[in-house]
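Secondary and tertiary structure notes
Chain residues, written in single-letter form:
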Amino acid sequence: MTKLKKIRVIVALLFFFTISLIFLDYINVIPSSVYDYVLWLQFIPSLTKFVNTLTVSAGGFLIVLLSVLFFGRVYCSSVCPLGTLQDFISRISQKLFGVSYFNWSEEHKWIRYPVLILSILSIPLIGMFIIGLLDPFSNFGRILTNLFYPVILLLNNVLSSLFESIGLYLIYPVDIRAISLVGLLFSIIILSVLIVMASKRGRLFCNTICPLGTFLGFISKVSLYKIKIKEEDCESCGACETVCKAECINADSKEINFERCVVCFNCFRECPTTAINYYKQNLLVSDNTIQFKADRRIFLNKLYYIVIGLGSFGFTQIKIIPEKESTVPIKKNVPVSPPGSNSIDHFTSTCTACHLCVAVCPTKVLQPSILHYGLEGLLQPRMDYLTNYCNYECVECMMVCPTGALQKLLIEDKKLTQLGKSKFIKENCIVDTERKECGACSERCPTKAVRMIPYENNLHIPDIKNEYCIGCGACEFACPTRPYKAIYVEGNPKHLIAEKPPAEILDKKIDYEEEFPF
Amino acid sequence: MKRREFFNKSFKAGVLTTTSLLFGKIPDLLAFPPDKYDLVAIKGGEPDVMFDKAIASLGGMTTFVHKGNTVVVKPNIGWDVIPERAANTNPLLVNRIIKHCLDAGAKDVYVFDHTCDSWNSCYSNSGIERSVKDAGGKIVPGNSEKYYQQVSISKGKRLKESKVHELILECDVFINVPVLKSHNSTDLTISMKNLMGIVWDRGYWHRNDLNQCIADFPSFRKPDLNIVDAYSVMMKNGPRGVSRSDVVNMKSQIISTDIVAADAAAAKLFGSDPQDIEYIKYAYDMKIGEMDLSKLNINRIIL
């Protein structure tokens, strides 16, 4: 029965590496149209997308459900990249600290079910906050984007320098300044938790904290086929228990807690006989009486402190270089949500903060938010115009979003989608304070919603035609005043449609025979 | 032929005739040495054809590029737009210039710009990355601060120091290839303004009297040759432009070693008075170059 295990490992590695590749593809060689296929089966993104868009193409989660109904949590050991990451951790720690064995342990019902119920019940109140925080796929994405991505960039730059030192411009250096501290911190915490849990206890995370693991486990109570030990064939060697990373095999009582089984087939391979196998289940017999008695309040309290702690760290990200200081502080009331998000409400209630868009964004204008969307929007990406601005010709983030939080817009529509509106603070503007030309904002404006109009002493000062503004943030990014910009984008709670910039044809006739004017 | 030019040519012809008669080399009479033009203006052809003719009238690229030289060609690649929008230098022209440099024996021809929009999209969508590679040049990044070295600009009035791309500091020949465009604050962007793409902190220029900074920089390093691309010219909404309708096909080109003269001539071509372009005036006052075109020996070619 080692064949099943082999297939499982190959499938798991395939998912793990393709997903890692699309997150870490910093030079965008993989076309974004492929992303949908790679992520199709990821349960929480797929379910979220299905609920929000009601499209069949988002039905990957149905396949997963079906597989669970037949064979249990096959998903957890093959499709889930965070699961495979934990297997790696556990493998490495076994190699490093010698052979260790797993032992049967009791189920932590009092943690896993409250977490699941809280995650679901909180959706109407605070959207995807808790689900997003705990979703294995999103956590995997955040670890890759915030932790591994910068490392890859660093490696790239080291290589690039090496090549350049011998006069070859083979590898271009990349900008690594746009690292989100809050994202980094959060990922380090999650990864540490995973390392601690997985190195000794295998899939403890999946069977205590992961709401998806609990949910799929709950469904697997009624799976058609379950893995069981056939007592008459069992030699009582106990080998199966020692290799069970879900710690759900009790060799003494010859029982398997199938709800916690992640279907890794390790026991199949280890069993000297064929006692361990799938056995058909009588659908009518199930012992599903759920018990839970956790203190929700304590959990929420702890969560609150963690979040506040993270938030206060994040504020160090804003760097201020005082030079010729501008005087009027900017107070933004509404954050700018990414293109395709339609409205802040839709976005915050569907985004699980997996940070795939953050990873693919070529300008890195997409940054994990801290408290910009409120506590429940923690880590969900926002447009950060101090870091960069949105490329007029780009639709990458919408192409890759697996949850439907960002819906695909055609490039022509994206160019007319108004994420926010530019606001001008004349008192901060160079033209007014220095009485010199500047125009950095208007220079970069792709629609010329920011135009320069005549001002005193033959100067030109910005003037905003908001009907053409799409809120891309080019003006805000380019504005050279410090510490406060003279132009900034105020987000639209609901995205609007901008007018197409006018394109009058110039009636200039050129006579190519005519003499030069000098 | 203008009077001045006539005298010039007659004088040269006279000297030649006399000397060749003296030494008895009659056939040399037919081969006039190229005139020492200060500026070449050409119109009516494709960018590459015009460049071939114009550079020939300056004695060919070998006048500027010698065997083994390292050359930097600096076009405008500032914007993530397609060539038809004329926000960036014409890729065909860039390609042609690189070929001339290599033919003249250049060891390496580097091309870069410190772009405004996302640099890799600018490089590829402008068509310049492709055209450079096709010509055998090297397109190199300008997007990282590590390439830029601090220099002091002693003659600058507002711009006292700047971080300049190392290739500009190291190269033997620096060829500036701007595209003529309208600009929302400086009215026009031509050769001098194109040099904002070889420094790191362009925000400093914007904060500290943009026009003066533009005039200050060439006091530190003047390009050895300025080739103004005026094939397609963005007449309004510059420097980025909004649509194809901003662009007029002028099919012109201006070449000069004098950066101020190149800008003055290009301004006239655009329909502006160089006197009204502040940085041209400032640069003239700082004696960086000549803005009075009547004082120059200009070769005007209409194809």
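Only a predicted model underlies this, so the values are computations on that prediction, with no experimental measurement involved.

**With respect to the overall build of chain B**
Of regular secondary structure, chain B possesses 11 helices and 12 strands. Residue burial in chain B is summarised as follows: out of 303 residues, 56% are buried. Contacts spanning at least 24 positions in sequence make up 75% of the contacts within chain B whose residues lie at least 6 apart.

**With respect to the domain arrangement of chain A**
Residue and element names in this part refer to chain A. Under the domain assignment, chain A is made up of domain 1 (2-280) and domain 2 (318-497). Taken together, the 34 residues of domain 1 in the interface contact 29 residues of domain 2. Sorting the residues of the side of domain 1 that touches domain 2 by element identifies α3 (43-53), α9 (129-134), α10 (136-165) and α11 (181-201) as the ones contributing at least two each. Ranked by residues supplied to the side of domain 1 that touches domain 2, first place goes to α10 with 8 residues.

**Here's the deal with the interface of chain A and chain B**
Facing the 38 residues of chain A at the interface are 39 residues of chain B. For the side of chain A that touches chain B, the secondary structure elements donating two or more residues are α22 (440-444) and β8 (450-455) of chain A. Counting residues per element, the side of chain A that touches chain B draws most heavily on α22 of chain A, which supplies 4 residues. Each residue belonging to the side of chain A that touches chain B can be placed in one class, and the counts come to 19 nonpolar, 6 polar and 13 charged.

**Remarks on the packing of α10 of chain A against α11 of chain A**
Residue and element names in this part refer to chain A. At a minimum axis distance of 9 Å, the contact between α10 and α11 shows a crossing angle of 125°. On the basis of the axis angle, α10 is oblique to α11. For the pair α10 and α11, the crossing hand works out as left-handed. Contact with α10, carried on its side by Asn139, Arg142, Ile143, Thr145, Asn146 and Leu147, involves Gly183, Leu184, Phe186, Ser187, Ile188, Ile190 and Leu191 of α11 and no other residues of that element. Partitioning the contact of α10 with α11 into residue classes produces 7 nonpolar, 5 polar and 1 charged.

**Looking at helix α4 (residues 60-71) of chain A**
Residue and element names in this part refer to chain A. Taking 1.5 Å as the rise per residue, α4 with 12 residues should run 16 Å; its terminal C-alpha atoms sit 17 Å apart, in good agreement. Those residues of α4 that fall on the buried side of the exposure criterion are Gly60, Phe61, Val64 and Val68. Projected down its long axis, α4 carries its buried residues within an arc of 95°, all on one side. Buried residues in α4 make contact with α3, α5 (74-78) and α13 (211-220). A positive backbone phi angle near 85° is found at Gly72, which sits one or two residues after α4.

**A few points about the packing of helix α2 (residues 47-56) of chain B against helix α3 (residues 91-103) of chain B**
Between two packed helices, both the angle of their axes relative to each other and the distance between the axes serve to describe the pair. All names here are of chain B. Orientation of α2 relative to α3, taken along the N-to-C sense of each, is 40°, at an axis distance of 8 Å. Where α2 crosses over α3, the handedness of that crossing is right-handed. Along the contact surface, α2 presents Pro47, Asp48, Phe51 and Ile55, while α3 presents Leu92, Leu93, Arg96, Ile97 and His100. Residue composition of the contact of α2 with α3, by class: 6 nonpolar, 1 polar and 2 charged.

**Quick look at the nonpolar core**
Residue and element names in this part refer to chain B. In terms of nonpolar packing, the biggest core is built from 222 residues, with Leu39 and Ala266 touching the most fellow members. Counting residues per element, this core draws most heavily on helix α10 (residues 259-270), which supplies 10 residues. Sequence-distant contacts of Ala266, defined by excluding residues within four places in its chain, comprise Leu180, Ile190, Val228, Ala230 and Ile254.

**Notes on unusual backbone geometry**
Here Arg482 of chain A and Pro483 of chain A are connected by a cis peptide whose omega angle stands at -5°. If you trace the backbone, Pro483 of chain A turns up in the loop between α23 (474-478) and β10 (487-497). The phi angle at Phe265 of chain A is positive, at roughly 65°, despite the residue not being glycine. You can see Phe265 of chain A is positioned in the loop between β3 (255-256) and α15 (266-270). Even without glycine at this site, Ala86 of chain B takes up a positive phi of about 55°.

**Describing the environment of Tyr37 of chain A**
All names here are of chain A. Structurally, Tyr37 can be placed in helix α2 (residues 35-38). For Tyr37, a count of 10 C-beta atoms within 10 Å translates into the label exposed. Along the backbone, Tyr37 and Glu467 are 430 residues apart, and their C-alpha atoms lie at a distance of 38 Å.

Criteria and cut-off values
- Residues numbered from 1 in each chain as written.
- Chains lettered and ligands numbered in written order.
- Predicted model: local features only at pLDDT ≥ 70, side-chain atom pairs only at ≥ 80, totals over all residues.
- Helix = DSSP H or I, 4+ residues; strand = E, 2+ residues; numbered from the N terminus.
- Buried ≥ 20, exposed ≤ 12 C-beta atoms within 10 Å, placed from the backbone.
- Contact = placed C-beta atoms within 7 Å.
- Domains from an automatic or database assignment.
- Nonpolar A, V, L, I, M, F, W, Y, C, P; charged D, E, K, R; others polar.
- Axes fitted to C-alpha atoms, helices over the stretch in contact; angles between N-to-C directions.
- Parallel < 35°, antiparallel > 145°, perpendicular 65-115°, else oblique.
- Left-handed = near helix turned anticlockwise from the far one by under 90°.
- Expected span 1.5 Å × (residues − 1).
- Arc of directions from axis to C-beta.
- Core = buried A, V, L, I, M, F, W, Y, C linked by C-beta atoms within 7 Å.

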